[in-house]
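One letter stands for each residue in the lines below.
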Amino acid sequence: MLDGPCQTFVSDCQVRAAAELISHVWDPVVLSALRMGPTRRRELLTRITGASDKVLTQTLRRLQARGLVVRDGGADQASAPTGAVYRLSALGESFANGPLAHLARWAADNQDHLADQPATS
């Protein structure tokens with residue numbers, strides 16, 4: 001729980017820091033897809049319709065840099081290259097299974113109301 005409300009326009013506000021984690025369109029989608037367990041990039045592309053290969057690569061790199069996703073391996077020395085596997089870090093799991101899952105549940109519960117609102121640019 002926050003000790004108090006964020007000051008208006010304060011750059012180190014906790015809400016702003018949390019919102020940054022979902023500020024890119026594909027970040028929460030990839031985090032949600034990785035909740036199903038470690039996955040290869042090609043499998044993620046299949047699972048996440050609408051994301052290009054370039055966008056997925058950029059998203060995975062951004063999530064790795066934030067410490068939310070871990071990239072394991074890339075080649076198994078005993079066999080042919082198997083490709084890297086991506087998984088949620090402990091921090092990523094706590095975010096994806098906590099606040100992000102709650103936000104998704106809230107959006108699903110309020111989908112009808114949200115759909116009625118005009119989109120703004």
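Each remark here, short or long, concerns the structure printed above.
So, how was this worked out
Residues numbered from 1 in each chain as written. Predicted model: local features only at pLDDT ≥ 70, side-chain atom pairs only at ≥ 80, totals over all residues. Heavy atoms only, no water. Helix = DSSP H or I, 4+ residues; strand = E, 2+ residues; numbered from the N terminus. Buried < 20%, exposed > 50% of the residue type's maximum accessible area, 1.4 Å probe, protein only. Contact = heavy atoms within 4.5 Å. Areas by Shrake-Rupley, 256 points an atom, 1.4 Å probe, with all protein chains shown as cover. Patch = residues over 30% accessible without salt bridge, like charges linked within 9 Å, V, L, I, M, F, W, Y side chains within 5 Å. Salt bridge = Lys/Arg side-chain N within 4 Å of Asp/Glu carboxyl O. Pairing = 2+ DSSP bridges. Axes fitted to C-alpha atoms, helices over the stretch in contact; angles between N-to-C directions. Polar contact = N/O pair within 3.5 Å; in protein donor to acceptor, adjacent residues only side chain to side chain. Core = buried A, V, L, I, M, F, W, Y, C linked by side-chain atoms within 4.5 Å.

1. Focus: the overall build of the protein chain
Step number 1: From N to C terminus, the protein chain includes seven helices and three strands.
Step number 2: Residues classed as buried in the protein chain amount to 25% of the 121 residues present.
Step number 3: In the protein chain, the share of contacts with a sequence separation of at least 24, taken over all contacts with a separation of at least 6, comes to 47%.
Step number 4: Element-wise, carbon and sulfur atoms account for 54% of the exposed surface of the protein chain, whose accessible area totals about 8400 Å².

2. Quick look at a nonpolar patch on the surface
Step number 1: Taken together, the side chains of Ile 22, Leu 103, Trp 106 and Leu 114 define a hydrophobic patch exposed on the protein surface, amounting to about 340 Å² of accessible area.
Step number 2: Its location among the elements puts Ile 22 in the loop between helix H1 (14-20) and helix H2 (27-34).

3. Considering the sheet that holds strand S2 (residues 69-72)
Step number 1: Reading across from one edge, S1-S3-S2 is the order of the three strands in this open sheet, with antiparallel pairing throughout. Two strands lie at the open edges of the sheet, namely strand S1 (39-40) and S2, each paired on one side alone.
Step number 2: Sheet topology places S2 next to strand S3 (residues 85-88); four bridges connect them, and they run antiparallel. Bridge pairing in S3 places Val 69 opposite Leu 88.
Step number 3: Seen against the sheet, H2 touches S1, S2 and S3 and runs at an angle of roughly 95° to S3.
Step number 4: Of the strands in this sheet, S2 and S3 touch helix H4 (residues 53-65), which is tilted by about 110° from S2.

4. Overview of the side chain of Thr 39
Step number 1: By secondary structure assignment, the location of Thr 39 is in strand S1.
Step number 2: Residue class for Thr 39 comes out buried when judged on its relative accessible area of 2%.
Step number 3: One polar contact links Thr 39 to Arg 47, side chain to side chain, over a distance of 3.4 Å.
Step number 4: In this view, Thr 39 contacts Leu 34, Leu 44, Arg 47, Ala 84, Val 85 and Tyr 86; residues no more than four positions away in its chain are not counted.

5. Describing the pattern of salt bridges
Step number 1: All told, the structure shown has six salt bridges when counted by the stated rule.
Step number 2: The shortest N-O distance in the salt bridge between Arg 41 and Asp 53 comes to 2.1 Å. Note that Arg 41 is positioned in helix H3 (residues 41-47) and Asp 53 in helix H4, a separation of twelve residues in sequence.
Step number 3: Residue classification places Arg 41 among the partly exposed residues on the basis of a relative accessible area of 22%.
Step number 4: One salt-bridge network, held together by shared partners, links Glu 20, Asp 27, Arg 62 and Arg 66.

6. What to know about the nonpolar core
Step number 1: One finds Val 30, Leu 31, Leu 34, Leu 44, Leu 60 and Val 69 to be the most contacted residues of the largest nonpolar core, which totals 19 residues.
Step number 2: Residue assignment for this core shows that the elements contributing at least two residues are H2, H3, H4, S3 and helix H5 (90-96).
Step number 3: At four residues, the largest contribution of residues to this core is made by H2.
Step number 4: Excluding residues that lie within four positions of it along the chain, Val 30 makes contacts with Ile 48, Leu 56, Thr 59, Leu 60 and Leu 63.

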